[in-house]
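Spelled out from the first residue to the last, the chains are:
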Amino acid sequence: MLKYTFTIAFLFVLTITTAQTDQRLYDIIDAVSADRLESDIRTLANFGTRNTFSDTVSNTRGIGAARRWIKGEFDKISANCNNCLEVSYQKDFVKKGAGARIVKDAWIVNVLAVQRGTKYPNRYIIMSGDIDSRASDALNYEIDAPGANDNASGMAGTIEAARVLSKYKFESSILYVGLSGEEQGLFGGSGLAKYAKEKGWDIIGVLNNDMIGNIEGVDGVIDNRSFRIFSEPTPPTETERQRRARRFTGGEVDGISRQLARYIHKQVKTYMPEMNPMMIYRLDRFGRGGHHRPFNDLGYAGIRIMEAHENYNRQHQDIRTENGIKYGDVIEGVNFQYAKKLTAVNAINLASLAWAPPAPKGVAIGGIVQPSAKFKWEKSSDPNVIGYKIYWRDTTSPTWDHSRFVGNVSEFVLEGIVIDNFFFGLAAVGKDGHESMVVFPSQTFR
Ligand SMILES: [Zn+2]
């Protein structure tokens, strides 16, 4: 009997401290539907063009029809979950000449759906796709620009994630958003980021999806397993003092967006081992941009998720055949099973971050000229926090390769681990095993 009790107690401790996986995340992966993604991508592509300056009155063609349809889908999802989504438009007026690609006055209209968090209503994890599309000439708003992959795929993925996750309740809020004006100069993202700042949103991070459906590169490589996570190294909003301190403490590759990228990488490796996530240590593709950047500009964590092999014949191209080569971003260039995989990548990370407790605050590190690294942080009052996990890695490693769960304490000494030889971070762990993003210590102590 004693032995039995011991075993039960031991198993219980084992479960709460080493739980690696949550069955619900596997269920979420399975629930994402390639058929629904296909149907939504077709619908969006069939609006002919979704150029920012295209028709706003028609119900069958142009950006107006597209955004009303997207809002209608969010409304339907909400009706099916007891009104669990707050659906709205957020818009900004841009005047002709506000940017090189603003050829006339226009409303830049984003479509928002908030699944309100039960405990932290003002804390948001955000998934975004883009509503708008473009042809060869970004200013031509009348010619066909179906934008099936760029970016109906990301938009459809965002709607599908809302369908799947609306079946669950989360402690933090999830925002599913369709952004506009991307091709004209990231106007929708800029507008929403500014709006969030004014409203004082506490943003965990932005998962921006831009082109998540193409598996055939322009070089002919076909790969339905790899995808890229772009993240900038450190926030552009950091102070000169923070930048100077980094010379002595390190952290050149440990900004908040990079931690978000590592979080996603780890979740995918754990729950979707068939996939090959590639962390790219750059804001975006070389010299190019996307809608996570306006959030980064204001100091928020944000990354871009996208296919690994782009096909430039199908990007920003008028539909035509030239020298036997087919151009145009048409539905035939989208692989719906792959879009399903990348949508699932988003969904499990949204869920995990919205279930996880907030990241620890006041994380400080010490141990200079001492044999062991030491840590201090503010203990959370959230009863969901079962404890904290210290992470460390070789300074040359991209991933948090070592960790130790240290219990529900507010300081810890990592015996025999020398501060000089590793990078360190700290995460809060919730009851069901979900962890916050890793916090890179920003303070030091003796
Ligand atoms: Zn584009």
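Along every chain, residues carry numbers that run from 1 in the direction the sequence is written. Totals for whole chains, interfaces and linings use every residue, but because this is a predicted model, local features are given only for residues with pLDDT of at least 70 and side-chain atom pairs only at 80 or more, for both listing and counting. Note that the side-chain values use all heavy atoms of the structure and ignore hydrogens as well as water.

Topic: the coordination of the zinc ion
Donor selection uses N, O and S atoms within 2.8 Å of the metal (3.2 Å for Na, K and Ca). Since no water is included, sites may look incomplete. Looking at the zinc ion, the protein donor atoms are D150 (OD), E183 (OE) and H316 (NE2), and they sit 2.0 to 2.2 Å from it. Site description for the zinc ion: donor spacing in sequence, D-x32-E-x132-H. With a gap of 166 residues between them, D150 in helix 5 (residues 148–165) and H316 in the loop between strand 8 (302–307) and strand 9 (320–322) connect regions that are remote in the sequence. A run of H or I in DSSP becomes a helix once it reaches four residues, and a run of E becomes a strand once it reaches two; helices and strands are each numbered from the N terminus.

Focus on the nonpolar core
Side-chain atoms within 4.5 Å are what join buried Ala, Val, Leu, Ile, Met, Phe, Trp, Tyr and Cys residues into a set we call a nonpolar core. Burial classes: relative accessible area under 20% of the type maximum marks a residue as buried, over 50% as exposed, and values in between as partly exposed (1.4 Å probe, protein chains only). In terms of nonpolar packing, the biggest core is built from 72 residues, with F74, L165 and Y176 touching the most fellow members. When residues of this core are assigned to their parent elements, the largest contribution, 13 residues, is made by helix 10 (residues 336–355). Contacts are assigned to residue pairs with any non-hydrogen atoms lying within 4.5 Å of each other. Among residues more than four places away in sequence, those in contact with F74 are L85, V87, V111, A113, M155, I159, A162 and Y176. Membership of the second largest hydrophobic core comes to 19 residues, among which are L414, I417, I419 and A428.

Quick notes on the sheet that holds strand 16 (residues 422–430)
Spatially, three strands are ordered 14-13-16 in an open sheet, and the strand pairing comes out antiparallel. Each end of this open sheet is capped by a strand with a single partner; those strands are strand 14 (402–407) and strand 16. The mean angle between the axes of side-by-side strands here comes to 25°, regardless of whether they run parallel or antiparallel. Pairing between strand 13 (residues 385–394) and strand 14: five bridges, direction antiparallel. By the bridge assignment, W392 is partnered in strand 14 with H402. A strand pair is defined by DSSP finding two or more bridges across the two strands. Between N-to-C directions, angles span 0 to 180 degrees; the directions come from axes that are lines fitted to C-alpha atoms, helices contributing only their stretch in contact.

With respect to the sheet that holds strand 1 (residues 85–94)
In spatial order, the strands read 1-2-4-3-5-8-6-7; together these eight strands make up an open sheet with mixed pairing. Two strands close off the open sheet at either side, each with one partner strand: strand 1 and strand 7 (276–280). Strand after strand, the sheet turns through a mean of 25° between neighbouring axes, direction not considered. Across six bridges, the pairing between strand 3 (residues 120–130) and strand 5 (residues 202–209) is parallel.

A closer look at the side chain of Q315
When you line up the elements, Q315 lands in the loop between strand 8 and strand 9. Q315 gets classed as buried once you look at its relative accessible area, which sits at 9%. In protein, a polar contact requires one atom able to donate a hydrogen and another able to accept it; more generally it is a pair of N or O atoms within 3.5 Å, and residues adjacent in sequence count only if both atoms are side-chain atoms. Side-chain polar atoms of Q315 contact the side chain of E310, separated by 2.8 Å.

Considering helix 2 (residues 23–31)
Those residues of helix 2 that fall on the buried side of the exposure criterion are L25, I28 and I29. Viewed end-on, helix 2 has its buried residues packed into an arc of 100°, placing them on one side of the element. Along helix 2, the residues that are exposed and aim more than 90 degrees away from the buried face are Q23 and D30. Where the residues of helix 2 are buried, they touch helix 5, helix 8 (256–271) and helix 10. This arc describes the spread of directions from the helix axis toward the C-beta atoms.

Focus on the domain arrangement of the chain
Boundary definitions for the domains trace back to an automatic or database domain assignment. As assigned here, the chain comprises domain 1 (23–355) and domain 2 (361–444). Once you take the C-alpha centre of each, domain 1 and domain 2 turn out to be 31 Å apart. Taken together, the contacts link 24 residues of domain 1 with 18 residues of domain 2. For any pair of parts, buried area is found by adding up, for both, the accessible area (1.4 Å probe) each one loses once the two are put together. Its largest share of buried area at the contact with domain 2, domain 1 owes to D254, Q259 and R262, together 26% of the area lost on that side. In what follows, salt bridge is the name for a side-chain nitrogen of Lys or Arg lying within 4 Å of a carboxyl oxygen of Asp or Glu. In this structure, the connection of domain 1 to domain 2 is made through four salt bridges. There are ten residue pairs in polar contact (both at pLDDT 80 or more) connecting domain 1 and domain 2.

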